[in-house]
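A look at the structure
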Amino acid sequence: MQDIGLKSKNLSVFYGEKQAVKDISLDFAARQVTALIGPSGCGKSTFLRSLNRMNDLIPGAKITGEVWIGDQNILNPKTDVVLLRQKIGMVWQRPNPFHKSIYENIAFGPRYHGIRDKRKLDELVEQSLRKAALWEETKDRLHKSALALSGGQQQRLCIARSIAVKPDIILMDEPASALDPVSTAKIEELIAELKQEYCIIIVTHNMHQAARVSDRTAFFLMGELVEFDKTDKMFTNPANQQTSDYISGRFG
Amino acid sequence: MARSVEREKRSKHLTEEWVGRVYTLICVGLLVLTIFSMVYFVASKGLSTFFKDGVNPIDLFTGVKWAPEGEPPLFGALPFIVGSFSTSILAALIAAPLGFCAAVFIVELMPKFGRKVLQPVIELLAGIPSVVYGFVGLSVIVPFFRDIFPGQGLGLAAGGVVLSIMILPTITTIATDALAALPAGLKEGSYALGSTRWQTIYRIVLPTTLPALLTGIVLGIARAFGEALAVQMVIGNAPHIPTSLFESASTLTSAITLSMGNTIMGTAHNNALWTLALILLTMTFVFVFIVRWLERRSKV
């Protein structure tokens with residue numbers, strides 16, 4: 001197990017003229033869950049997407065600053081984005097399983113990173129599904145379409161899919177906001193389980209969720225970082241008035 | 001007073017509904033009538049070759065000699081059937097990869113230039129009259145083949161190439177729509193797992209949109225199958241089964257257009273041409289059914 005965390009230094013993101021993320025420096029520790037909270041449009045998702053350079057895919061997006069994983073600044077143009085994204089898994093708001101079987105969804109990443117041996121792949125699929133708490137529900141229909149799964153199962157499949165690539169860091173963009181309460185609870189349990197091995201960064205609109213699952217919380221407002229602290233402290237005794245207003249539901 | 005106004009309005013609305021419904025029904029009825037009478041006409045004429053002129057259907061579908069005015073007359077349509085299928089499939093083989101790559105370029109690689117310039121240009125190809133294609137084929141492609149390969153240049157290859165350009169817009173447009181309709185999350189999901197763009201296109205985009213891509217290809221083949229003029233100008237029109245791509249051949253459509261004006265209604269020769277038309281019509285139905293079937297599959 002590695003102790004790899006992630007560090008952003010003066011990170012700014014521009015969409016054309018508009019600056020969506022302003023000069024943010026944050027430290028994400030290994031084996032911890034960090035929640036990013038804030039009202040819609042505050043730049044937290046944009047910030048998250050910069051950490052594995054997903055913003056590269058958006059025409060007109062420009063990133064400045066530094067993001068360090070170990071001793072590598074991943075914003076360096078020479079970074080191999082493909083290799084980088086193998087180290088950082090990502091899970092979206094809407095589950096996006098590929099139109100393939102459950103098995104093929106998990107095997108997709110590892111196979112193209114060089115694992116061809118069928119036995120190894122089988123093992124990896126089982127291991128990933130077990131970690132995502134999906135094995136018991138799917139072991140009898142691994143070769144059936146992933147689209148037949150429920151929304152919550154699909155989301156856990158997407159988590160299993162990113163684990164299969166053996167990342168150090170997992171980014172989650174509102175992973176439970178399209179799910180019912182039961183599925184949400186399962187995802188939250190899963191996050192608690194996964195943080196023993198990974199550095200997890202989660203964007204959420206749900207204050208209770210942030211309070212339940214995270215060790216640290218960062219509060220974003222208008223592209224700026226307002227407060228960053230231990231979650232217990234932030235939710236009981238925030239240092240900033242704006243944070244306190246947002247958490248107690250007075251705006252946003 | 002108020003009540004009578006209301007009743008008047010209501011009856012006016014009912015009349016409008018009635019007029020609209022009757023008008024729509026008449027239009028639909030006319031359409032259905034046209035289609036059915038056409039099918040009936042072609043079928044009755046085409047089938048009389050077998051029933052009235054006593055030609056054995058097996059001879060027609062397997063015979064290799066077409067000599068309707070001969071003594072005895074021979075009605076072997078296999079060369080035309082082979083010609084039609086091989087030119088259409090050749091055209092699809094050329095146009096499908098080109099159309100798919102053009103669609104990938106338009107949607108994935110350079111959306112701005114692709115959508116503004118490339119797509120309209122390709123769609124423009126659909127508006128060019130087929131006689132122009134035939135003329136260009138005859139003056140450019142045929143001499144080109146004549147210089148490089150043995151033979152006159154006229155033949156299956158020239159027909160296939162001309163047809164491939166004609167069906168390129170069909171395939172490209174349908175492929176572009178299919179790629180654009182792909183849920184955005186799928187591509188991101190693949191990139192986030194550390195896939196390259198090529199892996200994403202090859203392993204996610206292509207399989208997910210395959211039914212729609214096949215629909216485009218089948219519609220392209222259907223169009224090529226029915227095209228007459230341009231093919232007739234470059235294929236050479238020899239009624240035999242060619243042994244090479246650069247040998248003169250014939251298609252169902254070119255056989256009909258070449259002889260239609262020289263035959264007399266009701267003669268065995270004329271009826272035999274209707275039989276060729278019936279084969280074309282039936283094949284078009286088959287293509288439509290294939291497309292329907294593919295569309296149903298893609299929804300699952």
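Residues numbered from 1 in each chain as written. Chains lettered and ligands numbered in written order. Predicted model: local features only at pLDDT ≥ 70, side-chain atom pairs only at ≥ 80, totals over all residues. Heavy atoms only, no water.

1. Details of unusual backbone geometry
Cis geometry marks the peptide bond from Glu71 of chain B to Pro72 of chain B, where omega comes out at 0°. The phi dihedral of Asp23 of chain A falls on the positive side, at around 55°, and the residue is not glycine. In this fold, Asp23 of chain A is placed in strand 2 (residues 18-28). In this structure, Met222 of chain A takes a positive phi of about 50° despite not being glycine. Within the secondary structure, Met222 of chain A sits in the loop between strand 9 (216-221) and strand 10 (224-230). (Helix = DSSP H or I, 4+ residues; strand = E, 2+ residues; numbered from the N terminus.)

2. Topic: the interface of chain A and chain B
Note on interface size: it is often stated as the accessible area lost on association of the parts. Taken together, the contact pairs 21 residues of chain A with 16 residues of chain B. For the pair chain A and chain B, the summed buried area comes to about 1600 Å², and 66% of that belongs to carbon and sulfur atoms. The largest contributions to the chain A side of the interface with chain B come from Phe98, Phe108 and Tyr112 of chain A, which together make up 30% of the buried area. At the junction of chain A with chain B, the criterion picks out 1 salt bridge. Linking chain A with chain B are 7 residue pairs in polar contact (both at pLDDT 80 or more), by the criterion used here. Residue assignment for the side of chain A that touches chain B shows that the elements contributing at least two residues are helix 2 (81-87), strand 6 (88-91), helix 3 (102-112) and helix 6 (151-163) of chain A. In terms of residue count, the dominant contributor to the side of chain A that touches chain B is helix 2 of chain A (3 residues). For the side of chain A that touches chain B, the per-class residue count stands at 11 nonpolar, 6 polar and 4 charged. (Contact = heavy atoms within 4.5 Å. Buried area = accessible area lost by both parts, 1.4 Å probe. Salt bridge = Lys/Arg side-chain N within 4 Å of Asp/Glu carboxyl O. Polar contact = N/O pair within 3.5 Å; in protein donor to acceptor, adjacent residues only side chain to side chain. Nonpolar A, V, L, I, M, F, W, Y, C, P; charged D, E, K, R; others polar.)

3. Focus: the pairing of strand 3 (residues 33-37) of chain A
Residue and element names in this part refer to chain A. Burial within strand 3 is extensive, with 5 of its 5 residues counted as buried. For strand 3 and strand 8 (residues 199-203), the ladder comprises 4 bridges, and the chain directions are parallel. Paired with Val33 across the two strands is Ile200, which belongs to strand 8. As paired elements, strand 3 and strand 9 share 4 bridges and run parallel to each other. Bridge assignment links Leu36 to a residue of strand 9, and that residue is Ala218. (Buried < 20%, exposed > 50% of the residue type's maximum accessible area, 1.4 Å probe, protein only. Pairing = 2+ DSSP bridges.)

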